[in-house]
Amino acid sequence: MVQFSSRDRILAALECREADYVPCCFSAFQSLRQQCIDQADFLDRQLEMGLDAAVTISNIPIRHDPRVRIREWREELPDGSFPILHKEYETPAGTLCTAVSTSADWPWGDHLPFIDDFLIPRSRKFLITPDESLYALRYLLPPPTDKDIVQFRENACRAKALAAKRDLLTVYQYGTVGDIACTLCGMQELMMLAIDDPNFVQQFLDVIEDWNHRRMELVLEEGVDLFVRRAWYENADFWPPSEYRRFILPMLRRDVEMAHQVGAKFGYLMSCASMPLMDMIIAAGVDVLLGIDPAQDRTMDMTLLKQKASGKMCLWGGVCGYLTVECGTPAQITEQVRQAISILSPGGGFILAPVTNIRADTEQAWENVKTMITAWRSMR
């Protein structure tokens, strides 16, 4: 069989076609990335390992409207427990405020970031509630600035040059709607509001979706091969299928259509509780579902997943990054690679990867990465 380039091999998988062999492309590889001087070095090291690398285009920064005035302060508690951090965003449409209880593992000092996973379990007052004006939120989520657009286009040009030189896929990570909604409003709070005040939730998501679309348009104008929307918090652990169908699915369909109109592939990153939503995800036209984790996703049935997705949607993952590759034994790694390839690869439409990252910089983790690559080479 003719040997494919990494780009052609991954594109074949994204289109549910068979290539010369099953590609292996780590969707994230932090432990290697932090050792590299730049993206070119990062790509070349992956290629030397025999992996099918992809070139990531840098994210567009999140900035607020310049008219927004921010005030932060720290509140000490009389019992000597961890302090509370407060933050106010004064906008032309009103003031939004939030408060967070810090903890021993709080990583931000006296700063309270706008978006961060640490906010969700620690917030005493979320930034967005039905009592606040969503017009004020638009000032915190404006379109990219002219300067950011120029910088992004320069970054995209450099990334595409790296990809062209090595014949690699270009990827933009990440678009986001549901994840940012949970950060601003709270997971439990948002799910309850979806039942008690669905009109507010729809308006709230519309503001975020409009912001996401403006950024997505900019990315797609640059000709990226694959646009990925992160959906960590759009899964069925949070959204019952009925509420997913009402609130998330219409936005997902529009995102997919946007990407397809310019010839880009659309990826959806969901690493757990995807099975109850699978029929809707496939029907939305998603090209590839990233995050297939047989160890940590209690809903995962890879055989059923392959039956549903075969010929319709590519599957990316198959091995648990943390439990298996970072912490497992060689026998466990080899067996999980074997199961993933034997179940998910027949007929094409599969990319092997540890889900969703390799972060540990330990001797065991690096030996286990080698074991995974060796097992893949022998079975691919």
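Residues numbered from 1 in each chain as written. Predicted model: local features only at pLDDT ≥ 70, side-chain atom pairs only at ≥ 80, totals over all residues. Heavy atoms only, no water.

Q: Residues and numbers for helix 8 (residues 187–196), please.
A: Here helix 8 has its buried residues at M187, L190, M191, L193 and A194. Here the buried residues of helix 8 occupy an arc of 160 degrees about the axis, which is enough to place them on one side. Facing away from the buried side of helix 8, by more than 90 degrees, are the exposed residues Q188, I195 and D196. Tucked into the core, helix 8 has its buried residues touching helix 4 (119–122), helix 7 (178–185), helix 9 (198–221) and helix 10 (241–261). (Buried < 20%, exposed > 50% of the residue type's maximum accessible area, 1.4 Å probe, protein only. Helix = DSSP H or I, 4+ residues; strand = E, 2+ residues; numbered from the N terminus. Arc of directions from axis to C-beta. Contact = heavy atoms within 4.5 Å.)

Q: Help me get a handle on the nonpolar core, residues and values and all.
A: Residues L137, F204, Y244 and Y268 are the most contacted members of the largest nonpolar core, which totals 104 residues. Ranked by the residues each element gives to this core, the list is headed by helix 9, at eleven residues. Excluding its chain neighbours within four sequence positions, the residues that come into contact with L137 are L96, I128, L184, F204 and V207. By size, the runner-up hydrophobic cluster in this structure holds 17 residues, among which are V171, L226, C314 and I351. (Core = buried A, V, L, I, M, F, W, Y, C linked by side-chain atoms within 4.5 Å.)

Q: How would you explain the pattern of salt bridges if you had to name every residue and give the values?
A: All told, the structure shown has 27 salt bridges when counted by the stated rule. A salt bridge links E209 to R254; the nearest nitrogen and oxygen atoms lie 2.9 Å apart. Here the residue E209 occupies a position in helix 9, and R254 occupies one in helix 10, the gap between them amounting to 45 residues. Under the relative-accessibility criterion, E209 is labelled buried at 7%. (Salt bridge = Lys/Arg side-chain N within 4 Å of Asp/Glu carboxyl O.)

Q: Before we move on, can you summarise the sheet that holds strand 6 (residues 169–175) with the specific residues and values?
A: One open sheet accounts for seven strands, arranged 1-6-7-8-9-10-11; its pairing is parallel. Where the open sheet ends on each side, the last strands, each with one partner, are strand 1 (54–57) and strand 11 (350–355). The sheet shows a mean angle of 25 degrees between the axes of neighbouring strands, taken without regard to direction. Where strand 7 (residues 226–230) meets strand 8 (residues 265–269), five bridges bridge the pair, whose relative direction is parallel. Along strand 8, the bridge assignment pairs R230 with L269. (Pairing = 2+ DSSP bridges. Axes fitted to C-alpha atoms, helices over the stretch in contact; angles between N-to-C directions.)

Q: Requested: an account of the sheet that holds strand 5 (residues 123–125), with residues and values cited.
A: Across the sheet, four strands lie side by side as 2-3-4-5; this open sheet has antiparallel pairing. Whereas interior strands pair on both sides, the edge strands pair on one side only; in this sheet they are strand 2 (69–75) and strand 5. Direction aside, neighbouring strands of the sheet carry axes that sit 20 degrees apart on average. Across two bridges, the pairing between strand 4 (residues 94–101) and strand 5 is antiparallel. Pairing of V100 across the sheet is with S123, part of strand 5.

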